[in-house]
Amino acid sequence: MSFVKCCVCHTRSNLFGEDKKQLDFSGNFVCSSACLIRWAEKNKKDNKKNLLKHPCVFESDMGNAFDVWSETIRMGFRSGYEKVVAEYFWDNDVAFQYEPYTFLLQKGDASYTPDFFLPDYGVFVEVKGIFHNRKKLKIFRELYPQIPLIVSTWAIRKTFKYKRENNGVYGS
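Asker: Please set out the sheet that holds strand β9 (residues 116-118) residue by residue, giving values where relevant.
Answerer: Paired through backbone hydrogen bonds, the strands of a sheet run either parallel or antiparallel to each other. Across the sheet, which stays open at both edges, the four strands sit in the order β6-β9-β10-β11 with mixed pairing between neighbours. On the outer flanks of this sheet lie β6 (97-98) and β11 (149-152), each paired with one strand and no other. Here helix α4 (residues 80-91) sits on the sheet and contacts β6, β9, β10 (123-127) and β11; the angle it forms with β9, its principal contact strand, is near 15°.

Asker: Provide a residue-level description of unusual backbone geometry, including the pertinent values.
Answerer: Positive phi, normally seen in glycine, also occurs at Arg74, with a value near 65°. Looking at where Arg74 falls in the secondary structure, it is placed in the loop between β4 (68-70) and β5 (75-77). A relative accessible area of 54% places Arg74 in the exposed class. Positive phi values are uncommon outside glycine, yet Glu99 reaches one of about 50°. Along the chain, Glu99 falls in the loop between β6 and β7 (101-104).

Asker: How would you summarise the confidence of the model for the chain if you had to cite specific residues and measurements?
Answerer: With 68% of its residues at a pLDDT of 70 or more, the chain has an overall mean of 76. Here helix α1 (residues 17-26) stands out as the least confident element of the chain, with mean pLDDT 54; β6 is the most confident, with 93.

Asker: If you had to explain the pattern of salt bridges to someone new, which residues and values would you point to?
Answerer: One pass over the full model with this rule turns up two salt bridges. A salt bridge links Arg74 to Glu71, with the nearest nitrogen and oxygen atoms 2.7 Å apart. For the pair shown, Arg74 and Glu71 are each scored as exposed. Across the pair Glu99 and Arg78 runs a salt bridge, and its minimum N-O distance is 2.9 Å. In this pair, Glu99 is assigned in the loop between β6 and β7 and Arg78 in the loop between β5 and α4, connecting sequence segments 21 residues apart. Exposure remark for Arg78: the relative accessible area of 26% places this residue in the partly exposed category.

Procedures and definitions
Residues numbered from 1 in each chain as written. Predicted model: local features only at pLDDT ≥ 70, side-chain atom pairs only at ≥ 80, totals over all residues. Heavy atoms only, no water. Pairing = 2+ DSSP bridges. Helix = DSSP H or I, 4+ residues; strand = E, 2+ residues; numbered from the N terminus. Contact = heavy atoms within 4.5 Å. Axes fitted to C-alpha atoms, helices over the stretch in contact; angles between N-to-C directions. Buried < 20%, exposed > 50% of the residue type's maximum accessible area, 1.4 Å probe, protein only. pLDDT = per-residue confidence, 0-100. Salt bridge = Lys/Arg side-chain N within 4 Å of Asp/Glu carboxyl O.

Here's what the structure looks like:
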């Protein structure tokens, strides 16, 4: 176990396992859902209009291979954690797009599609649970260092509690 500081509020948090490995190359850590939004505000970029001009970025067509359905938003997601994050954005009036862009990682079929794009901020959010492939994310960071991306690790999942289950307030 090790301690890491939130890049927004500077709170120290304990990390272990997959979350610790994630930080080995990502650099930024947010300790809560509220800090994730503050990070987006701080890193606001005008990326949307320039994204599709990049030769290695294209609009995603991920099909309908979704395992989890949100009645609140009326759309599907690949994981329960992604659904919870999307509902958090929805409840807090944060505009989001789910898997809208794909980035080529090398010649051939290797590509990476971040989970969320926040168009009002021009930043990407990747939701990572316990088991995930870190290799694509590492290559993405090396090839696209100018693209703002924050990883929502498993450690902060509890901060995305639903308003309707917590008297209108999100947990921390």
